[in-house]
Amino acid sequence: MKFKTFSLAAMAALLFTACDKEDVGIPDFNDNDQDTKSVFLKFDASTRSSRSIEGSAEGTVAELNSAMIYFLNGNNESSQVYAVKEVSGNTSADITLDDLKKGHEFTKIPEAVSFVYVVGNFEAGNLPKGTGMTFEKLQSTVLNIENVNKGDKLGTVLDGIASVKPYRGNESGWGTGSTTPGEDDYYANVTVSPINARIEIKELNYTGEELSAFTVEGIYINYYYSNLPLSLNTVNAGSVFVNNGSDVQKYDQNSPNFAYTDYTTLFDQVGITPTLTPDGDKNKATVGAGDNKFWSYHVFGECTPAHIVIKFTDLVDKDGKPMEGDRYITVGGFQKGEAKLEQLNRGTIYQLPAIPFSDEHLEVIPEPGDISIWVKVTVAPWEIEIVSPII
């Protein structure tokens, strides 16, 4: 049996429920009779803030809490998984993220391995762990958006793949120390990035003649994929598209038909009643998330832009008379400059400094046939692109 060594640095860059898993356990590589080699890995991880009213994620690094590491003999659909390792944020686990920050050696990895694929922040129990599967089958693992946005925090699944190369002694990112590869060793630099797109809303701006008071009851993400595979291929059999349409009960938290019971990271109960101030013959009001704060939401990347439904209650007309029923505005898309965005890209923040609206945009139902508002945004890879609502 012969041994080689290579090193992997999985750097978290700027920055789900499996329907087809082979849970056959992580193989014990110490019993392999095939030619093997050792692997050194390093990860960088950062912290994240709680959802949903939070500071912008511009310039931050997506937190890495756990990872599954797949060792493959290539990077195409038919490539085989030769080995799997699980990394946990639990300090009592066999391999922890802290270990990987310092550098950790994986031994007896099959010699045929030529690529390393890393999936971060996915529930390990829902990811395939068996060897012998193809890369295509691994990437067909279906994710649920609420599992991606785990708990009360806006998390994100990260992934990335890189080839294994001979170490020549002067590769960027590798210095001196016990975890540094030798000249006869191998290494791979894997950049993992979010599979999500992030929507950030700074404030809502009303200018109109017909209202003297209103309450912003809630903000709801609609027109999104609840389930997609790791590949983000929307034609996959496990893909599920959600459009709650114009049924007002689906946006009513007191209704048994409320659509967001299982998707708590895709709506916010705002409950803000602003003070309207006169400006000539109009009234104006601003409702914001707070100083340097944003209402923030994660949706799957590489998809048609999600819609934003905003619900208004307790409306009072200009004569001081309470209005019957609720009102809604629907943001049906985003534009950057004059260009309409056809999709929201993974690892990208779409920031809305403001959603301006007036009396004409208020509808008695959400998602009317003619979308009322498009928004200009600022866009950047886990940096920011400023985008605008198209009105």
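Residues numbered from 1 in each chain as written. Predicted model: local features only at pLDDT ≥ 70, side-chain atom pairs only at ≥ 80, totals over all residues. Heavy atoms only, no water.

Undergrad: How should the sheet that holds strand E25 (residues 355-357) be read in this particular structure?
TA: Strand pairing in a sheet takes place through backbone hydrogen bonds and is either antiparallel or parallel in direction. The sheet built from 4 strands is open, its strands ordered E18-E19-E13-E25 with mixed pairing. Because the sheet does not close on itself, it has two edges, and the strands there are strand E18 (277-279) and E25. Strand-to-strand twist in this sheet, taken as the mean axis angle between neighbours without regard to direction, amounts to 25°. As judged from the 3 bridges shared by E18 and strand E19 (residues 282-288), these two strands associate in the antiparallel manner. (Pairing = 2+ DSSP bridges. Helix = DSSP H or I, 4+ residues; strand = E, 2+ residues; numbered from the N terminus. Axes fitted to C-alpha atoms, helices over the stretch in contact; angles between N-to-C directions.)

Undergrad: Looking at this model, I keep getting lost on the sheet that holds strand E8 (residues 142-144). Mind explaining?
TA: The sheet built from 3 strands is open, its strands ordered E8-E15-E16 with antiparallel pairing. Either end of the sheet is taken by a strand with one partner, and the two such strands are E8 and strand E16 (240-242). On average, each strand axis in the sheet is inclined to that of its neighbour by 20°, with strand direction left out of account. The pairing of strand E15 (residues 224-229) with E16 spans 3 bridges and is antiparallel. Considered in E16, the bridge of Asn227 is made with Val240.

Undergrad: What should I look at first to understand the side chain of Asp268 in this one?
TA: Looking at where Asp268 falls in the secondary structure, it is placed in strand E17 (residues 267-272). Note on Asp268: relative accessible area 11%, which makes it buried. At a separation of 2.6 Å, a polar atom in the side chain of Asp268 contacts the side chain of Tyr297. (Buried < 20%, exposed > 50% of the residue type's maximum accessible area, 1.4 Å probe, protein only. Polar contact = N/O pair within 3.5 Å; in protein donor to acceptor, adjacent residues only side chain to side chain.)

Undergrad: Would you mind showing me how to read a nonpolar patch on the surface here?
TA: A contiguous nonpolar surface patch, about 220 Å² in accessible area, is contributed by Val248, Val364 and Ile365. Of note, Ile365 is situated in the loop between E25 and strand E26 (373-381). For Ile365, a relative accessible area of 33% gives the class partly exposed. (Patch = residues over 30% accessible without salt bridge, like charges linked within 9 Å, V, L, I, M, F, W, Y side chains within 5 Å. Areas by Shrake-Rupley, 256 points an atom, 1.4 Å probe, with all protein chains shown as cover. Salt bridge = Lys/Arg side-chain N within 4 Å of Asp/Glu carboxyl O.)

Undergrad: What is the right way to look at the confidence of the model for the chain in this model?
TA: Detailed reading of predicted coordinates is not advised where the pLDDT is low. Confidence in the prediction for the chain averages 79 pLDDT; 73% of positions are at 70 or higher. When the criterion is pLDDT under 50, residues 1-33 qualifies, and its contacts beyond four places in sequence or with other chains add up to 136 contacts. Confidence over residues 44-51 falls short of pLDDT 50; this stretch has 30 contacts with residues more than four positions distant or in other chains. (pLDDT = per-residue confidence, 0-100. Contact = heavy atoms within 4.5 Å.)

Undergrad: What is the right way to read the packing of aromatic side chains from this model?
TA: We describe a pair of aromatic rings using the distance from one ring centre to the other and the angle between the two ring planes. All told, the structure shown has 19 aromatic pairs when counted by the stated rule. On the basis of an interplanar angle of 65° and a centroid distance of 6.3 Å, the ring pair of Phe214 and Phe357 is categorised as edge-to-face. Highlighted residues: Phe214 in strand E14 (residues 211-222) and Phe357 in strand E25, separated in sequence by 143 residues. The two residues Phe214 and Phe357 agree in class, both being buried. Pairwise contacts between aromatic rings join Tyr220, Tyr251, Phe258, Tyr260, Phe267 and Tyr328 into one cluster. (Phe/Tyr/Trp six-rings, centres within 6.5 Å; stacked < 30°, edge-to-face > 60°.)

Undergrad: Looking at this model, I keep getting lost on the pattern of salt bridges. Mind explaining?
TA: Where side chains of opposite charge bring their charged atoms close, a pairing between them can arise. By the definition in use, this model includes 6 salt bridges. Residue Glu200 is joined to Arg198 by a salt bridge in which the shortest nitrogen-to-oxygen separation is 2.6 Å. The shortest N-O distance in the salt bridge between Lys284 and Asp279 comes to 2.9 Å. The class of Lys284 is partly exposed, set by a relative accessible area of 35%. Among the residues examined, Asp279 registers a relative accessible area of 38% and is labelled partly exposed.

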